[in-house]
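Geometric and topological summary
What follows is the residue order along each chain.
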2 protein chains.
Amino acid sequence: MNIGEVAKQSDVNSKMIRRYEELGIISKAGRSLAGYRQYSENDVHVLRFVKRARELGFSMKDIKQLISLWRNKSRPSSQVKNIAMKHIMELEKKMAEIQSMLGTLKNLAEHCHGDQRPDCPILDGLDCHK
Amino acid sequence: MNIGEVAKQSDVNSKMIRRYEELGIISKAGRSLAGYRQYSENDVHVLRFVKRARELGFSMKDIKQLISLWRNKSRPSSQVKNIAMKHIMELEKKMAEIQSMLGTLKNLAEHCHGDQRPDCPILDGLDCHK
DNA sequence: TTTGACCTTCCCCTTAAGGGAAGGTTTAAA
DNA sequence: TTTAAACCTTCCCTTAAGGGGAAGGTCAAA
């Protein structure tokens, strides 16, 4: 299978497939005589795993580890769970940050007329005179 | 005032002050004979505004516009509110994405023993066999 | 005059994804 | 048989916001 076909089947575009190879996320593809990368069904499977992990927000570093654990049929599930829990905590931290921003912003926006007049609580809020 | 002093007063480090100048976020600083950037109290004020806007998650593009509106004493507050509302919507979108990830991840993690055994619902969840 | 704390510019790195150029290959149709 | 489209290759550039560190110039105090 050429890269275009595996891209279609895995829903990961060719550009990213080459990138993942370069990053060592997936193993180096074999090549045809002309130098074209050659893939198997299994490669599609791996790429789908990567895609799914990305959709859940895992970093490339995490994904590299997850794939290695995925391949190792005797891994302790604790290692997988550790990665996942760490990621969950990071996402929760991000969420809290966003919620805090939203709290402030909504409060400011609520008090802003949003019309032709120049007085603006939003700008006043940004202009903190510590 | 040299850049170090203004950095201290605005709590924006020198590196970023130069960067903001380069990006046109703040105006080009005057120079001393030796080529050192020179700042006034007002520059500190502007940098604090930038910092505050960054803390609320505004992009540099937004901040550029916000500063220009801030300076324009006859701006219509609607323009400010538009920028803020757009940003609020983006943050809400991000939050929804993170919440969706967290929902899935927590569910998977909950069912993972996280011990020495190899069976792992987290890996199974990533390994979707569409 | 030396030393240390400043300042300057310049280039590199991070993250994840992708645009686009220049050029080689394959396939199918005219 | 030639040609055109659709692939493929590598290489470099861009995004966003922040920073590290080098090499070298400046300033102030001891």
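Let me begin by describing the structure that accompanies this report. (Residues numbered from 1 in each chain as written. Chains lettered and ligands numbered in written order. Predicted model: local features only at pLDDT ≥ 70, side-chain atom pairs only at ≥ 80, totals over all residues.)

**Section: the relation of the copies chain B and chain A**
Applied cut-off: The atoms used to superpose the copies are C-alpha atoms, taken from residues with pLDDT of at least 70 in both, and the fit is least squares. What counts as a contact here is a pair of residues whose C-beta atoms, placed from the backbone, lie within 7 Å.
Mapping chain B onto chain A is achieved by rotating through 180° and translating by 0.0 Å along the same axis, at an RMSD of 0.1 Å. On this basis, the relationship between the two copies can be described by a two-fold rotation axis. Rotation axis and chain B: the residue whose C-alpha lies nearest the axis is Met95(B), separated from it by 3.1 Å. A symmetric contact is evident, with 100% of the interface residues of chain B recurring at the interface of chain A.

**A few points about the protein's contact with DNA strand D**
Condition: A molecule or strand has a residue near it when that residue's C-beta atom, placed from backbone coordinates, lies within 6 Å of it. A helix here means a DSSP run of H or I that spans at least four residues, while a strand means a run of E at least two residues long, and both kinds are numbered starting from the N terminus. Polar here means any residue outside two lists: the nonpolar Ala, Val, Leu, Ile, Met, Phe, Trp, Tyr, Cys and Pro, and the charged Asp, Glu, Lys and Arg; Gly therefore counts as polar.
Around DNA strand D sit 18 residues, and of these Asn2(A), Gly4(A), Ala34(B), Ser59(B) and Met60(B) come closest. For the surface near DNA strand D, the element with the highest residue contribution is helix H1 (residues 3-10) of chain A, accounting for three residues. Across the surface near DNA strand D, the residue classes break down as six nonpolar, seven polar and five charged.

**Points about H1(A)**
Residues and elements named next belong to chain A. So the rule is basically this: Buried residues are those with 20 or more other C-beta atoms within 10 Å of their own C-beta, exposed residues have 12 or fewer, and partly exposed residues lie in between; C-beta atoms are placed from the backbone. Think of the arc as the fan of directions from the helix axis to the C-beta atoms.
The set of residues buried in H1 consists of Val-6, Ala-7 and Ser-10. Angularly, the buried residues of H1 cover 105° about the axis, an arc narrow enough to put them on a single face. Here the buried face of H1 lies against helix H2 (14-22) and helix H3 (41-55). Directly beyond the C-terminal end of H1, a positive phi value near 60° is found at Asp-11.

**What about the nonpolar core?**
The line we're drawing: For our purposes the nonpolar core covers buried Ala, Val, Leu, Ile, Met, Phe, Trp, Tyr and Cys residues that link as a set through C-beta atoms within 7 Å.
Leu47(A), Val50(A), Ala53(A), Leu66(A), Val80(A), Ala84(A) and Ile122(B) are the most contacted members of the largest nonpolar core, which totals 28 residues. Considering every element that reaches this core, the biggest residue donor is H3(A), with five residues. Among all residues touching Ala84(A), those that are not within four sequence positions of it are Leu105(B), Leu108(B), Ala109(B) and Ile122(B). Core analysis: the second largest hydrophobic core is formed by 27 residues, Leu105(A), Leu108(A), Ile26(B) and Phe58(B) among them.

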